[in-house]
Amino acid sequence: MEVKGTGWSGLYAPTLDDFEALASHALANLPEPFKSLAADVTCSVAEFAEDDILEHFKMESPFELMGLFTGIGLTEDGAVPQTGQLPNTVFLYRRAILDYWAENDDNTLGEVVTHVLIHELGHHFGFSDDDMEEIEARADE
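Bear in mind that the values here come from a model prediction, so they are computed numbers and not experimental data.

*Asks:* I'd like to hear about the overall build of the chain, residue by residue, with values.
*Replies:* Within the chain, the regular secondary structure consists of six helices and three strands. Buried positions account for 31% of the 141 residues belonging to the chain. A sequence separation of at least 24 residues applies to 70% of the contacts in the chain between residues at least 6 apart. Accessible surface computed for the chain: about 9000 Å², of which carbon and sulfur atoms make up 52%.

In structure tokens, the structure reads:
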């Protein structure tokens, strides 16, 4: 039953495909030099982090982890990449991000996805929180 005037009855939660589109948009609109640093990083979207990842970080709930960077970053990589090395990947966890977004109404969903993406990339590439805040301020939403 639709409450007259609300328009909510026809809306659905964003799907994994919707999240992939938001993440692709966020990656494409990163400012330089961050965009170049992240050029070889792939982005994957999942409902939640896997149980072994949550256990590794000692998290009690899958809603605690919105994103994760896996791989070898620029600050750790040698002059020659190792053979057999898996690609650097940012994982975005749809349900945890939606939960955060629902509880914090001062950001759009695109802004939250961009924030998580930049945060995961930034720490891995050795950026400080201040660096990441500056990058976020310059990123297109």
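Next, the rest of the story.
*Asks:* Explain the sheet that holds strand β2 (residues 67-70) to me, using residue names and the numbers behind them.
*Replies:* As summarised here, the arrangement of the three strands in space is β1-β3-β2, forming an open sheet in which the pairing is mixed. Only two strands of the sheet have a single neighbouring strand rather than two, namely β1 (42-46) and β2. The mean angle between the axes of side-by-side strands here comes to 20°, regardless of whether they run parallel or antiparallel. Where β1 meets strand β3 (residues 89-93), five bridges bridge the pair, whose relative direction is parallel.

Criteria and cut-off values
- Residues numbered from 1 in each chain as written.
- Predicted model: local features only at pLDDT ≥ 70, side-chain atom pairs only at ≥ 80, totals over all residues.
- Heavy atoms only, no water.
- Helix = DSSP H or I, 4+ residues; strand = E, 2+ residues; numbered from the N terminus.
- Buried < 20%, exposed > 50% of the residue type's maximum accessible area, 1.4 Å probe, protein only.
- Contact = heavy atoms within 4.5 Å.
- Areas by Shrake-Rupley, 256 points an atom, 1.4 Å probe, with all protein chains shown as cover.
- Pairing = 2+ DSSP bridges.
- Axes fitted to C-alpha atoms, helices over the stretch in contact; angles between N-to-C directions.

It is worth stressing that arrangement in space is one thing and function is another; only the former is reported here.
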